[in-house]
Amino acid sequence: MDRTITPPLTDEVIESLRAGDRLLITGIIYTGRDAAHKRLVELVDKGEPLPIDLQGQIIYFVGPTPPKPGEVIGSAGPTTSGRMDAYSPKLLDLGLKGMIGKGLRNEAVRESLKRNKAVYFGATGGAGALLAQRITAARVVAYDDLGPEAIRELTVEDFPVVVINDMYGGDLYAEGRKEFQREVEI
Amino acid sequence: MREVDVARITNAVAELAVDACNVLGDDVVAFFEKAAEREESETGRDILRQLLENAALARETARPLCQDTGLAVVFVEVGQEVHLVGGSLEDAVDAGVAKGYTEGYLRKSAVADPIGTRKNTGDNTPAMLHTRIVPGDKVKVIVAPKGGGAENMSALAMLKPSQGRQGAVDFVVDTVSKAGPNPCPPIIVGVGLGGSFEKAAYLAKHSLLREVGSTNPDPRLAELEDEIERRCNALGIGPAGLGGITTVIDVFVEELPAHIASMPVAVNIQCHSARHKEVVL
């Protein structure tokens, strides 16, 4: 049975997480991708308040498909995280504790995770229909004009993630790949 | 001459876009089933099972497989004995994209002014349209929604002829290696060899329409596909990039003669949501 965590995440929880840990998230998380990050960081740079309190929170890099009538949300899997690398360290400095996405993070982000005691989680890319089943409520809390890129507050239940980068420098992508890399006979 | 009303093309594009986004091809599903058995990584097997569950859920709930329902890449092959009536073909295709993406609750992912304001066009137009005039009196419409994550990991190089076969293979494998977990592996690797700059890219894109498990009928290229596949799977990237022996679903190589001075190699990466549907009118 995978362990369940609920935001806001404390330093104690972050300290207990290691690359490769499989977890379930239950509670409130926030969505944000390229355009929302750009706006958030513009506010940070101007010293203005953000539309959401990031303290201890998790941002999920996702731009869902529109919900059909009766649905909470459409398909909602992770987008490629690397595009947020330019912005993430500034948000981590403000108390953001977790990010959910897929794909590699750069060194600046990995260093920021160590410095700020935070983690980067992976969700399964392309499993948008499956992951949507674990989202029980969604409402736009900022930047409605951005459509799929608006910031949404999601209520999730048993949302499956794996720790990719922990606060100790552990990196599941590098470790997993190393384990299965082999020479090939041509 | 046989007349075909472009309104039929609009409806075909709309229906194919929705169908492609919600229903994964049997060839890809069969691959996941096979790979889930032979993958050596436990996490990798778990990811492949998630992808099978995701495909079943998407089909049952008519929800897109992936939230990135892509730019709408559309191929239209028009028989030269067909007279298209009722308006412009390009407008009809765009109307189909707008209809499919709006009425089908697909995500609109197209932005205008890409290096500036990046404002959403609102209806996922324009289609990335490729047309061909072919013999016959039919119209074939293919819709292949293409997500950004895998497209971003694609690459094209104008290699030197002296780099030869080895240089071409190394470039393809290096592109897959650098992509790592980003393009949602297991991936399909479409490779266009030769031709001009744009033809190489087109060949790589068009190759992605092939059925998983198919090999190029030219034994020389079939061997190349096999070698690239073995080298990519030996990278250890695995399902979702978490480590494993299943990095690629398939490798498709297509080729054209090149200029005496050139050796273009295009690599178009397709995520595991390998979506394309077609109809003949």
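Residues numbered from 1 in each chain as written. Chains lettered and ligands numbered in written order. Predicted model: local features only at pLDDT ≥ 70, side-chain atom pairs only at ≥ 80, totals over all residues.

(A) Expanded view of the overall build of chain A. When helices and strands are counted, chain A shows 6 helices and 7 strands. Counted from the first residue to the last, chain A has its helices and strands arranged as β-α-β-α-β-α-β-α-β-α-β-β-α. Whereas a compact globule of 186 residues would reach a radius of gyration of roughly 16 Å, chain A reaches 16 Å, a difference of no more than 12%. Seen through its principal axes, chain A has C-alpha atoms that stretch 50 × 40 × 35 Å. Out of the 186 residues belonging to chain A, those deemed buried represent 51%. Look at the contacts in chain A between residues 6 or more apart in sequence, and 64% of them connect residues 24 or more apart. (Helix = DSSP H or I, 4+ residues; strand = E, 2+ residues; numbered from the N terminus. Rg over C-alpha atoms; globule rule 2.2 N^0.38 Å. Buried ≥ 20, exposed ≤ 12 C-beta atoms within 10 Å, placed from the backbone. Contact = placed C-beta atoms within 7 Å.)

(B) Focus on the sheet that holds strand β8 (residues 155-159) of chain B. Residue and element names in this part refer to chain B. The sheet built from 4 strands is open, its strands ordered β8-β11-β9-β10 with mixed pairing. Across the chains shown, the open sheet's two edge strands, defined by having one partner strand only, are β8 and β10 (248-255). Across this sheet, the average inter-strand angle for adjacent strands is 15°, counted without regard to direction. Here β8 pairs with strand β11 (residues 263-270) via 5 bridges, running antiparallel. What sits directly across from Leu159, in β11, is Met263. The sheet strands contacting helix α6 (residues 164-179) are β8, β9 (187-193) and β11, and the helix crosses β11 at an angle near 30°. Sheet strands touched by helix α7 (residues 197-207): β8, β9, β10 and β11. Its angle to β9, the strand with the most contacts, is close to 145°. (Pairing = 2+ DSSP bridges. Axes fitted to C-alpha atoms, helices over the stretch in contact; angles between N-to-C directions.)

(C) Structural context of the interface of chain A and chain B. The interface of chain A with chain B comprises 41 residues on the first partner and 44 residues on the second. Secondary structure elements with two or more residues in the side of chain A that touches chain B: α5 (128-132) and α6 (172-180) of chain A. When its residues are assigned to classes, the side of chain A that touches chain B shows 16 nonpolar, 18 polar and 7 charged. (Nonpolar A, V, L, I, M, F, W, Y, C, P; charged D, E, K, R; others polar.)

(D) Representation of the domain arrangement of chain B within the structure. All names here are of chain B. As far as domains go, chain B holds domain 1 (2-20 + 65-146) and domain 2 (149-274). Its C-alpha centre places domain 1 at a distance of 26 Å from the equivalent point of domain 2. Listed as interface residues are 7 residues of domain 1 and, on the opposing side, 6 residues of domain 2. Broken down by element, the residue count for the side of domain 1 that touches domain 2 peaks at 3 residues, all from strand β7 (residues 139-146). Among the residues making up the side of domain 1 that touches domain 2, the classes are represented as 4 nonpolar, 1 polar and 2 charged. (Domains from an automatic or database assignment.)

(E) Focus on the nonpolar core. Ranked by size, the top nonpolar core spans 136 residues in total, and within it Phe121(A), Val13(B), Ala17(B), Val74(B), Val143(B), Val189(B) and Val191(B) carry the most contacts. By residue number, the principal contributor to this core is helix α1 (residues 6-22) of chain B, which donates 10 residues. Looking at this core, you find at least three residues from each of domain 1 (2-20 + 65-146) and domain 2 (149-274) of chain B. Apart from the residues lying within four places of it in its own chain, the contact partners of Val143(B) are Val13(B), Leu16(B), Ala17(B), Ala20(B), Ala72(B), Val74(B), His276(B) and Lys277(B). (Core = buried A, V, L, I, M, F, W, Y, C linked by C-beta atoms within 7 Å.)

(F) How the structure looks around the environment of Val191(B). All names here are of chain B. Structurally, Val191 can be placed in strand β9. Along the primary structure Val191 and Lys205 are separated by 14 residues, whereas in three dimensions their C-alpha atoms are 7.9 Å apart. With near-sequence residues (within four places) excluded, Val191 lies in contact with Val172, Ala204, Ser207, Val251, Phe252, Val253, Val265, Ala266 and Val267.

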